[in-house]
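Structure at a glance
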Amino acid sequence: MAQKSLLEKLEILADAAKYDASCASSGTAKKNSLGGKGIGSTEGMGICHAYAPDGRCISLLKILLTNHCIFDCHYCINRKSSNVRRARFTPQEVADLTLNFYRRNYIEGLFLSSGIIKSSNFTMEQMVEAARILREEYDFRGYIHLKTIPEADPELVRQAGLYADRVSINVELPTTSGLTRLAPDKDERQIEGAIAKTKDDIIEAKDARKRFRHAPRFAPAGQSTQMIVGADRASDADIVGKASQLYDSFGLRRVYYSAFSPIPDASAVLPLQRPPLLREHRLYQSDWLMRFYGYAPGEVCEATDADGNLPLDIDPKLAWALKFRGTFPVDVNRAGKEMLLRVPGLGPTAVRRIIAARRHRTLRLDDVARLTQSIAKVRPFITALDWRPTTLTDRADLRSLLAPKQEQLELFAS
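Residues numbered from 1 in each chain as written. Predicted model: local features only at pLDDT ≥ 70, side-chain atom pairs only at ≥ 80, totals over all residues. Heavy atoms only, no water.

Structural notes on the environment of L310
Note the following rule: Runs of H or I in DSSP of at least four residues are treated as helices and runs of E of at least two as strands, each being numbered from the N terminus. Between two residues, a contact is recorded if the distance between any of their heavy atoms is within 4.5 Å.
Looking at where L310 falls in the secondary structure, it is placed in the loop between α9 (297–302) and α10 (316–323). Each C-alpha atom, one on L310 and one on A237, is 8.0 Å from the other, the two residues being 73 residues apart in sequence. When near neighbours in sequence (up to four residues on either side) are disregarded, L310 contacts D236, R282, L283, S286, V300, A303, T304, D305 and P316.

Below is the structure:
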């Protein structure tokens, strides 16, 4: 069999990595090569794009070490029974590619995942070696995210955390029954045990850094995970509940959601159609509500429809407000931050502006309009000095009034 060129391998293994969404680079410790030491940086402006909380675009080389795999997860295009082109990088090739792309200013870091070849330990050793070459031989200071393998020896996962800025282990599916049916080679307890061990290693490293100045860092950007949406019968309520449990139990930085995408030669147990991409977006919005708006998981689940799924025509925050109209209207001149964050159309920035502005004057509706992006969405849920929504909050057609209008795009519109 003819050997594939590096470019052919890159084409295959970059395409195979596109299904993994958990590659944001926010939260890492700042490192740079100022003073002529080292190569790379985790700072500055930036083939995969992730975004930091402050809006910076971080470009990452997102590849698999190999798409060979001894596992046969039904939903995975790289499963052992799948008829796809296979390729495999050596650790040295991964390191060289990363450096070459960085020197051309294409990327600022590496996201490396892999199928399982030979064994979990062998694969993990190869990934760790690629990171070791970058850090120790090339003194690479850029961002590295390693997707670790729960079945691998804990010591290998620990080594990965010493080289990587962030590590992640995919829980794959939100329910035990879904994982058992669609990924028979994987074990939920083993996955969560590996996540728990990484959590302990992160905490231990942070404690050591407080006591010893030169103690090694361990995954300073924390760990994340990913769930596939729509491959099994799990509802959005199931997914939200699982995400909340993962955040509470393991202190994850992020839970990512990836809408199931039909694959060639798919298993008969998989759905024939992908779920709406908007469903994935609604789950990210619900995740945001729990992390930054003070919503409990149960409250997010209360925003779901009868089937347990979040509505697609409106966002979860508006869905919750419409179900609990008795909570509104909220007085923008008196309400606390927690209640203002419940108002549809008001985000953390707008709430901060409102609280700061009302210290100097009693706010009118026009004042609120200047502090928000869309006053139309806010009006039914607030009172101000010169504004009372009266019956607007309780209108039967309020949902249709506030739902985004569906527009047909025109190819040749001026």
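Details of the layout of surface pockets
Here the idea is plain: a probe the size of a water molecule rolls over the atoms and shows the empty space left. Put simply, the test is: Buriedness for pockets is judged along seven lines, at least five of which must meet protein on both sides within 12 Å for an open set on the 1 Å grid over protein atoms alone, while cavities are sets there where a 1.4 Å probe fits but cannot get out, and lining residues have an atom within 4 Å of a point. Grid points are joined across faces, edges and corners, and a volume is the space filled by probe spheres set on the points. The classification used treats Ala, Val, Leu, Ile, Met, Phe, Trp, Tyr, Cys and Pro as nonpolar, Asp, Glu, Lys and Arg as charged, and all other residues, Gly among them, as polar.
The volume enclosed by the largest pocket comes to roughly 560 Å³. Taken together, 22 residues line the largest pocket, and the ones lying closest to its centre are Y293, G345, L346, G347 and Q373. Broken down by class, the residue content of the lining of the largest pocket amounts to 9 nonpolar, 8 polar and 5 charged.

Overview of helix α6 (residues 188–211)
Selection rule: The length a helix should cover is 1.5 Å for every residue beyond the first. Think of it in three bands: with a 1.4 Å probe and only protein chains considered, a residue is buried below 20% of the maximum accessible area for its type, exposed above 50%, and partly exposed in between. Each polar contact in these results corresponds to two N or O atoms within 3.5 Å; when the atoms are within protein, one needs to be able to donate a hydrogen and the other to accept it, and residues that are neighboring in sequence are counted only if both atoms are side-chain atoms.
In this model α6 runs 35 Å from its N-terminal to its C-terminal C-alpha over 24 residues, within 8% of the 34 Å that 1.5 Å per residue would give. Within α6 the residues assigned to the buried category are I191, E192, A194, I195, T198, D201, I202, A205 and A208. Summarising the contacts, the buried residues of α6 are in contact with α4 (154–163), β5 (166–168), α5 (176–182), β6 (223–229) and α7 (236–250). Looking at where α6 begins, the residue whose side-chain oxygen comes 3.0 Å from the main-chain nitrogen of R189 is D187.

Digging into the pairing of strand β3 (residues 109–113)
Two faces, one strand: in a regular strand the side chains alternate between the faces of the sheet. Heads up, the rule is: Two strands qualify as a pair provided DSSP detects at least 2 bridges between them. With its strands directed away from the observer, a crossover is right-handed exactly when the path from the first strand over the helix to the second travels clockwise.
In terms of burial, β3 is a largely internal element, 5 of the 5 residues being buried. Taking every second residue as pointing to the same face, both faces of β3 are buried, with G109, F111 and S113 on one and L110 and L112 on the other. Both strand β2 (residues 57–64) and β3 contribute to a ladder of 5 bridges, which runs parallel. Bridging from a neighbouring strand, I63 pairs with L112 of β3. The handedness of the β2 to β3 crossover, carried by helix α2 (residues 91–103), is right-handed. By the bridge criterion, 4 bridges tie β3 to strand β4 (residues 143–147) in an arrangement that is parallel. Across the sheet, residue L112 finds its bridge partner in β4, namely L146. Traced from β3 through helix α3 (residues 120–137) to β4, the parallel crossover comes out right-handed.

Let's talk about the packing of α6 against α7
Basically, it comes down to this: Angles shown run from 0 to 180 degrees and are taken between the N-to-C directions of axes, each axis being a line fitted to C-alpha atoms and, for helices, limited to the stretch in contact. Angles are sorted into four bins: roughly parallel if under 35 degrees, roughly antiparallel if over 145, roughly perpendicular if 65 to 115, and oblique for all others.
Where α6 meets α7, the closest approach of the two axes is 10 Å, and the angle between their N-to-C directions is 40°. Comparing their axes, α7 and α6 come out oblique. Taking contact as the criterion, the partners of E188, E192, I195, A196 and K199 in α6 are, on α7, K242, Q245, L246, S249 and F250. When grouped by side-chain class, the residues that make up the contact of α6 with α7 number 4 nonpolar, 2 polar and 4 charged.

Section: the state of the cysteines
Note the following rule: We call a pair of cysteine sulfur atoms a disulfide whenever their separation is within 2.5 Å.
Within this structure, the stated rule accounts for 0 disulfides. In this structure C73 is not part of a disulfide, and its nearest cysteine sulfur, from C76, lies 6.2 Å away.

Examining empty space enclosed by the protein
Within this model, the largest cavity holds a volume of roughly 690 Å³. What lines the largest cavity is a set of 34 residues, and nearest its centre among them are Y75, C76, N170, E172 and K186. Where the lining of the largest cavity is concerned, the elements lending two or more residues are β6 and β7 (254–259).

So, the environment of K377
Position of K377 relative to the elements: it lies in helix α14 (residues 375–378). In the structure, K377 is positioned 34 residues away from V343 in sequence and 8.9 Å away in space, judged by C-alpha atoms. The contacts of K377, once residues within four sequence positions are left out, are D315, L318, P344, G345 and L402.

Observations concerning the packing of aromatic side chains
Note the cut-off: Aromatic contacts are taken between Phe, Tyr and Trp rings whose centres are within 6.5 Å, Trp giving its six-membered ring; a plane angle under 30 degrees counts as stacked, one over 60 as edge-to-face, and the others as tilted. Distance and angle both matter: a charge sits over a ring if NZ of Lys or CZ of Arg is within 6 Å of the ring centre and within 35 degrees of the ring normal.
Per the stated rule, a full pass over the model turns up 8 aromatic pairs. Through a chain of ring-to-ring contacts, the aromatic side chains of Y295, W320, F324, F328 and F381 assemble into a single cluster. Positioned over the ring face of F111 is K62, at 5.8 Å from the centre of the ring. The aromatic ring of W320 is capped on one face by R342, whose charged end is 5.0 Å from the ring centroid.

Some points on the packing of α3 against α4
Put simply, the rule is: Each crossing is labelled by how the near helix is turned from the far one, with a counterclockwise turn of less than a right angle marking it left-handed and a clockwise turn marking it right-handed.
In the contact formed by α3 and α4, the axes pass within 9 Å of each other and the chain directions differ by 25°. One way to sum up the angle between α3 and α4 is to call them roughly parallel. Where α3 crosses over α4, the handedness of that crossing is left-handed. Residues N121, M124, E125, V128, A131, R132, R135 and E136 of α3 pack against L156, Q159, A160 and Y163 of α4.

Brief notes about the nonpolar core
Here is the rule we go by: Each nonpolar core is a collection of buried residues, namely Ala, Val, Leu, Ile, Met, Phe, Trp, Tyr and Cys, held together in the definition by side-chain atoms within 4.5 Å.
Counting residues in hydrophobic clusters, the biggest one holds 109 residues, and the most contacted among them are Y75, L112, L340 and F381. No other element matches the 7 residues that α3 contributes to this core. Setting aside residues up to four positions removed in sequence, Y75 forms contacts with E172, L173, L182, A183, K186, I228, F260, I263 and L270.

Everything listed is a geometric property; what it means functionally is a separate question.
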